[in-house]
Each structure stands twice: as C-alpha cells, then as structure tokens.
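Observations on chain architecture
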Amino acid sequence: QVQFVESGGDLVQPGGSLRLSCAASGSIFSVYPMGWYRQVPGKQRELVALITRDGSTNYADSVKGRFTISRDNAKKSVYLQMNSLEPEDTAVYYCNQYGRVNGWGQGTQVTVSS
C-alpha cells in the first residue's frame, strides 16, 4: 500500500506559474514510474506528465514545453513545475504510480483565471 499527498495548487492568473508537490508514503517509491494527472468534472482523467525511476520524461502535447516533471527518490517526492498557465489547465491534479488503477489521493486544485 502506498499513499500520495498532493499540494501546491492555488488560484493563479493566466501566464502564471505553480509548483505542485507529491509526497509518497507506505511503500517502495523509487522503483515505479510516476505520473501527474488532471481531471475536470465530467471529463476523463488525463495523464499530463510521466517520469521513470531513472528520470526519463514524457508529456501530453497540451503541456509540452510549459510543464516539467521531476522526482527525488530519496525524498519519495514528485514535482510538477507549471509555467505559462492557461485557463484550460484548470483541474484537480493528482499523482500516482503510472498505470495504477487504485490509490488516488485527494488531489490539489489548480484554478487559472483572471
């Protein structure tokens, strides 16, 4: 069993930046690829960014060039640096082991609005 706690979400103006954090506990962290996801009510959860245990990354086209995912295995943490935020980025953001169907935390709300 592993649990994740997301933090860092806030209300921000378009063009602004946020840094989301994800703290893991309860299980082995470093062996798993990790993903940041986001979800808007009425829509499917979307994978935003992915990072392997060794640091290889992939991004959704919608955020490529604006978001950066990173991880610190010693701290059992994953981060998402979000720049040039757009209203379309408004969502609840979650982190989880990539491909895992359970274990979703509460997420952190990101609202981009002027």
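Whatever comes next refers back to the structure up there.
Residues numbered from 1 in each chain as written. Predicted model: local features only at pLDDT ≥ 70, side-chain atom pairs only at ≥ 80, totals over all residues. Heavy atoms only, no water.

1. Regarding the state of the cysteines
The condition that has to hold: Cysteine sulfur atoms are paired as a disulfide whenever they come within 2.5 Å of each other. The helix and strand labels rest on DSSP assignments: H or I over at least four residues marks a helix, E over at least two residues marks a strand, and numbering proceeds from the N terminus.
One pass over the full model with this rule turns up one disulfide. Disulfide pairing places C22 opposite C95 at an S-S distance of 1.7 Å. Residues C22 and C95 are joined through a disulfide that is right-handed, its torsion about the S-S bond being 65°. Here the residue C22 occupies a position in strand β3 (residues 18–25), and C95 occupies one in strand β9 (residues 91–97), the gap between them amounting to 73 residues.

2. Looking at the pattern of salt bridges
Stated precisely, the cut-off is as follows: When a carboxyl oxygen of Asp or Glu lies within 4 Å of a side-chain nitrogen of Lys or Arg, that pair is called a salt bridge. The classification of residues rests on relative accessible area computed with a 1.4 Å probe and restricted to protein chains. Under 20% of the type maximum is buried, over 50% is exposed, and intermediate values are partly exposed.
The tally for this structure, following the rule as stated, stands at five salt bridges. Among the ionic pairs, D61 bridges to K64, the shortest N-O distance being 3.4 Å. You'll find D61 and K64 in the same group, each marked exposed. With a shortest N-O distance of 3.9 Å, R66 and E86 are connected by a salt bridge. Note that R66 is positioned in the loop between β6 (57–59) and β7 (67–72) and E86 in the loop between β8 (77–82) and β9, a separation of 20 residues in sequence. Among the residues examined, E86 registers a relative accessible area of 33% and is labelled partly exposed. Within the structure, one salt-bridge network assembled from shared partners comprises R38, E46, R66, E86 and D89.

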